[in-house]
Amino acid sequence: MEEDEFFGEKTFQHYCAEFIKHSQKIGDGWEWRASKDCSDGYMCKTHFQVKNGTAMSHQGTSAHVQTFLPVEEAVDPPLDDFEVTETTTAAEVIKYEYHVLYSCSYQVPVLYFRASFLDGRPLALKDIWEGVHECYKMRLLQGPWDTITQQEHPILGQPFFVLHPCKTSEFLIPVLKNSRKINRNVNYITSWLSMVGPAVGLNLPLSYATAASQEEGNVSGQDSSIEQKSLEEH
Amino acid sequence: MTDDKDVLRDVWFGRIPTCFTLYQDEITEREAEPYYLLLPRVSYLTLVTDKVKKHFQKVMRQEDISEIWFEYEGTPLKWHYPIGLLFDLLASSSALPWNITVHFKSFPEKDLLHCPSKDVIEAHFMSCVKEADALKHKSQVINEMQKKDHKQLWMGLQNDRFDQFWAINRKLMEYPAEENGFRYIPFRIYQTTTERPFIQKLFRPVSTDGQLHTLGDLLKEVCPSAVAPEVPNTVLPGEAKIEPTFEPSRIAGGRKASLAVKCWASQGPSRVFIARKKFHWFRTKLKQQVFRAGVQKFQL
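Each value, and the rule that gives it
- Residues numbered from 1 in each chain as written.
- Chains lettered and ligands numbered in written order.
- Predicted model: local features only at pLDDT ≥ 70, side-chain atom pairs only at ≥ 80, totals over all residues.
- Heavy atoms only, no water.
- Helix = DSSP H or I, 4+ residues; strand = E, 2+ residues; numbered from the N terminus.
- Buried < 20%, exposed > 50% of the residue type's maximum accessible area, 1.4 Å probe, protein only.
- Contact = heavy atoms within 4.5 Å.
- Areas by Shrake-Rupley, 256 points an atom, 1.4 Å probe, with all protein chains shown as cover.
- Pairing = 2+ DSSP bridges.
- Axes fitted to C-alpha atoms, helices over the stretch in contact; angles between N-to-C directions.
- Domains from an automatic or database assignment.
- Buried area = accessible area lost by both parts, 1.4 Å probe.
- Salt bridge = Lys/Arg side-chain N within 4 Å of Asp/Glu carboxyl O.
- Polar contact = N/O pair within 3.5 Å; in protein donor to acceptor, adjacent residues only side chain to side chain.
- Nonpolar A, V, L, I, M, F, W, Y, C, P; charged D, E, K, R; others polar.
- UniProt positions renumbered as here; feature names shortened; annotations may be inferred.
- Phe/Tyr/Trp six-rings, centres within 6.5 Å; stacked < 30°, edge-to-face > 60°.
- Arc of directions from axis to C-beta.
- pLDDT = per-residue confidence, 0-100.

### A look at the overall build of chain B
- Along the backbone of chain B there are 9 helices and 11 strands.
- Across the 300 residues of chain B, 51% fall into the buried class.
- In chain B, the proportion of contacts linking residues at least 24 apart, taken out of those at least 6 apart, comes to 67%.
- Taken as a whole, chain B presents about 15000 Å² of accessible surface, with 51% of it coming from carbon and sulfur.

So this is what it looks like as structure tokens:
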């Protein structure tokens, strides 16, 4: 129906397919999910992570020691006698889901994500923030993407967090213009996801960058150095 | 747009009589009476139910109260959908008043977005307006506006001020004289029968050969299952069938549009039903589409 613009939906689906091919090669877990009527779909990945600092392990022989002493009686236990033993529930495993959808209104990809404990309890945004490295927090607050808000997933109808897409083309177009100038093909999904993903705990192995240039039949000695530079500028 | 003013006012001032009842398992210090309210179709539940919240919180202890949420016949109500849409989708075939159950605990995290403050509603509303303008004008009109204009749109909605709202919104409904309409028509089609929350696609107001698109063209293109094949005099038992006969009419733009919808219903011709399909027009100037309590108004 529509001619493919710079980031048309067909282009989006093509680059997602290329991206997934590489993901399959390296076992990175991305897959395509078509909507029930198959008119469109999205790319998704689930990964699990143990939450830092909340799980403590049972060690030593003093399992009978109670950690929760009344305050008045609190005494620092001599550490070489026994290890801290806290009767924890299972270590906090968190399930992260990342979905890449296409916005036909803004004609750009959009990143949806959510996290929950194994029993289904969802993580609030502030909990997800805690898993993000400091430097990315700064970038997120200053960068060309506005905010993270909770929104309804347009295909599943469930609450997800979303990185607002309206400024995506602002930072994506220069990357693609640069690459076209030097006659290199770039998988814009790879470029885009490598820029926005880390801010929300999603990291891409570096091999995606070299794969993108190779898949399009480009043999370049300097490989991804120029592309990395464009990414760093943002 | 001046000739559309009547329809615009009808849409804006549409109301749904609603009865709010506290969920029976909520802990109360004494019996809670139901609370009646006329809800504006164009607004959002969490924006217009402060009085409902206060009324029920009077009989509850603070520790038993957390985020309010609403439910109809077991279905959590998405506050970020316009009230009229929720009603049309879920309750329009039931008798009035609309009976909504109020909850203060066990927030359904998997179904509903959180609504911690009015700012969240404002952000959602403005993001809808911006997305619509991205489709209509490549965001040029909304971006050229000052922050105070955006604020006026929101305040107009919040305070039920038609004139205040439309003073700004009319700019979002205009297009250059040389164009035939918007770049794309912002629309969403909601159905209870599908898993997908809504259908939204790019759709131009004018075809490649210069013909103005009609509502029927849109439906045939994006939601063909909603358009029954033309078989006259066939009545499906117990439900209404729609045979849309769409005269060539503009579905966007400042002219009068006409739309004729014939409907055979076993109950009789006095009410026109849209069998199981509810449409919500998302910021589109479709003056012929005024859905209210299951009854469609049309101009011939």
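### Some thoughts on the overall build of chain A
- Along its length, chain A carries 7 helices and 6 strands.
- Burial analysis of chain A (234 residues in total) assigns 41% to the buried set.
- Residue pairs in contact within chain A that sit at least 24 positions apart in sequence constitute 63% of those at least 6 positions apart.
- Entry remark: accessible area of chain A is about 12700 Å², with carbon and sulfur atoms responsible for 53%.

### Focus on the sheet that holds strand β1 (residues 15-22) of chain B
All names here are of chain B.
- The strand order across the open sheet built from 5 strands is β2-β1-β5-β3-β4, with neighbouring strands paired in mixed fashion. Bordering the open sheet on either side are β2 (35-40) and β4 (75-76), each of which pairs with just one other strand.
- Strand direction decides the pairing type here: strand β3 (residues 69-72) and strand β5 (residues 98-103), joined by 3 bridges, are antiparallel. Its bridge partner lying in β5, Trp69 is registered against His103.
- Against the sheet, helix α3 (residues 50-57) engages β1, β2 and β5, with an angle of about 165° to β2.

### Observations concerning the domain arrangement of chain B
- In terms of domains, chain B is made up of domain 1 (15-103), domain 2 (118-173) and domain 3 (189-226).
- One C-alpha centre belongs to domain 1 of chain B, the other to domain 3 of chain B, and the line joining them spans 32 Å.

### Brief notes about helix α4 (residues 83-90) of chain B
- α4(B) sits mainly inside the fold: 7 of its 8 residues count as buried.
- Restricting attention to buried positions, one finds in α4(B) the residues B:Ile83, B:Gly84, B:Leu85, B:Leu86, B:Phe87, B:Asp88 and B:Leu89.

### Examining the sheet that holds strand β5 (residues 148-152) of chain A
Residues and elements named next belong to chain A.
- Spatially, 6 strands are ordered β1-β2-β3-β4-β6-β5 in an open sheet, and the strand pairing comes out antiparallel. Of all strands in the sheet, those bounded by a partner on one side alone are β1 (31-34) and β5. Mean inter-strand twist for the sheet, computed between neighbouring axes without regard to direction, equals 35°.
- With 8 bridges joining them, strand β2 (residues 41-50) and strand β3 (residues 93-103) adopt antiparallel strand pairing.

### Digging into the interface of chain B and chain A
- Across the contact, 25 residues belong to chain B and 25 residues belong to chain A.
- Of all residues in chain B, B:Leu113, B:Arg196 and B:Leu202 give up the largest surface area on contact with chain A, accounting jointly for 28% of the area buried on that side.
- For the interface between chain B and chain A, the tally reads 3 salt bridges.
- Ionic pairing is found between B:Glu195 and A:Lys36, a salt bridge with its closest N-O pair at 2.7 Å.
- In this structure, the connection of chain B to chain A is made through 11 residue pairs in polar contact (both at pLDDT 80 or more).
- For the side of chain B that touches chain A, the leading source of residues is helix α5 (residues 118-137) of chain B, giving 5 residues.
- Residues that form the side of chain B that touches chain A fall into these classes: 9 nonpolar, 4 polar and 12 charged.

### Looking at the side chain of A:Ser103
All names here are of chain A.
- You can see Ser103 is positioned in strand β3.
- With relative accessibility at 11%, the residue Ser103 sits in the buried group.
- Excluding residues that lie within four positions of it along the chain, Ser103 makes contacts with Val108 and Val110.

### Considering the UniProt feature "domain: Autophagy protein ATG5 UblA" (unreviewed entry) in chain B
- Under the UniProt annotation, the feature "domain: Autophagy protein ATG5 UblA" (unreviewed entry) is placed at residues 11-104 of chain B.
- The span residues 11-104 of chain B is 23% helix and 28% strand, and its two end C-alpha atoms sit 31 Å from each other.

### Details of the packing of aromatic side chains
Residues and elements named next belong to chain B.
- Under the criterion given, the structure shown has 22 aromatic pairs over all chains.
- Ring plane angle 70° and centroid distance 5.1 Å describe the contact between Tyr81 and Tyr190, whose orientation is recorded as edge-to-face. Within this pair, whereas Tyr81 is found in the loop between β4 and α4, its partner Tyr190 is found in strand β6 (residues 188-191), the two being separated by 109 residues in sequence.
- Residue classification places Tyr190 among the buried positions, given a relative accessible area of 4%.
- For the ring pair Phe125 and Phe165, a centre distance of 6.5 Å and an interplane angle of 50° mean the geometry is tilted. You can see Phe125 sitting in helix α5 and its partner Phe165 sitting in helix α8 (residues 162-172), a full 40 residues away along the chain. Accessibility assignment for this pair places Phe125 and Phe165 in one class, buried.

### Some thoughts on the UniProt feature "domain: Autophagy protein ATG5 alpha-helical bundle region" (unreviewed entry) in chain B
- Per the UniProt record, "domain: Autophagy protein ATG5 alpha-helical bundle region" (unreviewed entry) is found at residues 119-174 of chain B.
- End-to-end, the C-alpha atoms of residues 119-174 of chain B are 28 Å apart, and along that stretch the chain is 84% helix and 0% strand.

### Observations concerning the environment of B:Phe104
All names here are of chain B.
- Summarising the element assignment, Phe104 is placed in the loop between β5 and α5.
- For the pair Phe104 and Tyr175, spaced 71 residues apart in sequence, the C-alpha separation works out to 46 Å.
- Apart from residues no more than four positions distant in its own chain, Phe104 is found in contact with Leu22, Glu26, Lys53, Phe56, Gln57, Met60, Asp64, Ile65, Ser66, Glu67 and Ile68.

### Digging into α3(B)
All names here are of chain B.
- Within the span of α3, buried status applies to Val52, His55 and Phe56. Taken end-on, α3 shows its buried residues confined to a sector of 90°, consistent with a single buried face. Residues of α3 that are exposed and point over 90 degrees away from its buried face: Lys51 and Lys54.
- On its buried face, α3 is in contact with β1, β2 and β5.

### Thoughts on the confidence of the model for chain A
Residue and element names in this part refer to chain A.
- In the predicted model, chain A carries a mean pLDDT of 73, and 64% of its residues have values of at least 70.
- Here helix α7 (residues 225-233) stands out as the element of chain A with the lowest mean pLDDT, 44, in contrast to β1, whose mean of 96 is the highest.
- Residue range residues 53-88 is modelled with pLDDT below 50. Its contacts to residues more than four positions away, or to other chains, number 24 contacts.
- Here residues 216-234 is a poorly scored stretch, pLDDT under 50, and it has 32 contacts once near neighbours within four places are set aside; other chains count.

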